[in-house]
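# Geometric and topological summary
The primary structure of each chain is shown beneath.
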Amino acid sequence: MAEAPLTVAVVGHTNAGKTSLLRTLTRRRDVGEVSDRPGTTRHAEAVVLALPGAPPVRLVDTPGLEDPVGLLALVRAQPGRTPAERLRAALSRPEAQAEFEQEAKVLRALLAADAAFYVVDTREPVLPKHHAEVALLHDSGRPVMPVLNQLRDPSSRWSAWRTTLAEHGLHVQAQFDAVAPFMGAEARLYRDLATLLSDRREPLEALADALAEAAVQRQAAGWRLIAHHLLGLAALRETLSREELADAARRADRLAAFRDRVATGAREAAWQLLQLHGFEPGDAELAGLPALQGDWEADLFNPDLLQQVVRHLGAGALVGAALGLGLDIALHGLTLGVGTSIGAALGGAAAQGLGPLGRLVALRATGRQDVQAEDAVLVLLAARLAALQEALAERGHGAVQPLRPDTGQDAGPGDAAVAGSTRWRALARALSGADGLAPARARPAWAEPGPADARRQRADEALAGRLRAAWQAPPDSAG
């Protein structure tokens, strides 16, 4: 007979972050309601966390304890040999259906659970009501592990809380910021709980291992996704006829349409990253995210911004389409292939099959030219997607403040001034060479949707590894 799922009640004072914790632990946005308003959760709500290779855990969201002082006085006035008996006696009183109805829901959920996470907003000063809460939780006789929330906030009083909780005998404490969890915090949370539940140590350790593996796989999938989209956009090209090149209005229309295709691809990459991490573009948690605003994609073609990218990356950091001569600012992030001088100099050798360069020479002979996205555009996009991936990995599903990914710019994400950070230069090197964008430039089929063949999968994997290493390299080794 299968063992019953471990049940953990999530308890705490009103607006301490209980529902935010559950959303982050389950990576589900549909659990409860998250708001800065007090008393948002009014009923106990259970959700099951199930991962491959790990036993399920049943997490129960509960209302806030609004009047623990009054309820504690009622409990202590009841008859009983033990604190738990007095607590159950209080729950049978008429007051538990009236003024203490909400607190009674919490304590009934706790008594029916195997253990409890006691969520603490460490920004709050330790008050008598908090001492009463801890006393009530102790009276239940259930193992209770405090979860210290809002640790990243400058106003956090985590030291005072740690001392207070220890004085109440709660020495096993977890540090878990539900808005911006520390890397690996989910796995550590269950490993800490295992120290209180020795008979459930093995399944809790299995769950922690499964969570850690899921995080690793999610990161790897994110880098593959970024690489796949960058290669697809590098492969994207359109051919302009002699007539379109000669007509300024027609050429401008074709170039604008091509920029739209690149911007659409960039937006799709950002949306898929959000979905991979359990978010949606419309989530309130992501309000203000640059990757979800219309001007974010258009800004990829900002000539001033691209000019600074090229300046900071330095000459020779990348090669554009085939043997491109660098960024053509007049085209705002697009290139019309190689210059006439290079085409003429390489002439016959190129036309005899020198890969994409041969195609460019052949096109030039008929007055046509290919349009592709310049490498500087793709470096800029790579930095933004990498920053988004990093930010989402540390983003709780109950956050209500805007997400501000760090793209490696000294200024804010909305500023067009790009700093010559080592991360940008490292990304530029990762996108260059045979394992970078070069294979895609000669394969326009890679720009089309559909299943990837073996060559494309190898290219995705190779570039994903290079991008990850570049983005995560220490500053002294990335420059």
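Residues numbered from 1 in each chain as written. Predicted model: local features only at pLDDT ≥ 70, side-chain atom pairs only at ≥ 80, totals over all residues. Heavy atoms only, no water.

## Quick notes on the overall build of the protein
We apply this condition: Starting at the N terminus, helices and strands are each numbered in turn, a helix being any DSSP run of H or I of at least four residues and a strand any DSSP run of E of at least two. For every residue, the accessible area obtained with a 1.4 Å probe (protein chains only) is divided by the maximum for its type, and the residue is called buried under 20%, exposed over 50%, and partly exposed between those limits. Per-residue accessibility takes into account occlusion by the displayed protein chains alone, with areas from the Shrake-Rupley method and a 1.4 Å probe.
Looking only at helices and strands, the protein has 19 helices and nine strands in total. Residue burial in the protein is summarised as follows: out of 479 residues, 50% are buried. Accessible surface, the protein: about 20,700 Å² in total, of which carbon and sulfur atoms supply 53%.

## Brief notes about the sheet that holds strand β2 (residues 45–49)
Using the following cut-off: In this analysis, strands are considered paired if DSSP registers two or more bridges between them. Any two residues having at least one pair of non-hydrogen atoms within 4.5 Å are treated as being in contact. The convention used is that axes are lines fitted to C-alpha atoms, helices contributing only their stretch in contact, and that angles between N-to-C directions extend from 0 to 180 degrees.
In spatial order, the strands read β2-β3-β1-β4-β5-β6; together these six strands make up an open sheet with mixed pairing. With one partner strand each, in any of the chains shown, β2 and β6 (174–175) form the two edges of the open sheet. This element, helix α1 (residues 18–26), spans β1 (6–12), β2, β3 (57–61), β4 (115–121) and β5 (144–149) of the sheet and lies at about 155° to β3.

## What about the side chain of Ser140?
Our working definition: What qualifies as a polar contact is a pair of N or O atoms within 3.5 Å, subject to a donor-acceptor requirement within protein and to the restriction that residues adjacent in sequence count only when both atoms come from side chains.
In this structure, Ser140 sits in the loop between α5 (128–139) and β5. According to the relative accessible area criterion, Ser140 is buried, its value standing at 2%. Of note is the side chain of Ser140, whose polar atom sits 2.6 Å from the backbone oxygen of Leu137. Only 3.2 Å separates the side chain of Ser140 from the backbone nitrogen of Arg142, close enough to count as a polar contact. When sequence neighbours within four positions are dropped, the list of residues in contact with Ser140 reads Ala84, Leu87, Leu110 and Leu111.

## Here we look at the nonpolar core
Put simply, the rule reads: Nine residue types can take part in a nonpolar core, namely buried Ala, Val, Leu, Ile, Met, Phe, Trp, Tyr and Cys, and a core is a set of them joined through side-chain atoms within 4.5 Å.
Membership of the largest hydrophobic core comes to 49 residues, with the highest contact counts inside it found for Leu230, Leu431, Leu437 and Leu467. Those elements that provide at least two residues to this core are α8 (201–235), α10 (248–276), β9 (369–373), α15 (375–393), α16 (422–431) and α18 (454–472).

## Some details on the confidence of the model for the protein
Just so we agree on the cut-off: How sure the predictor is of each residue is captured by pLDDT, a score from 0 to 100.
In this model, the protein carries a mean pLDDT of 76, and residues with pLDDT of at least 70 account for 70%. Predicted confidence for residues 407–420 stays below pLDDT 50, and this span has 29 contacts to residues more than four positions away or in other chains.

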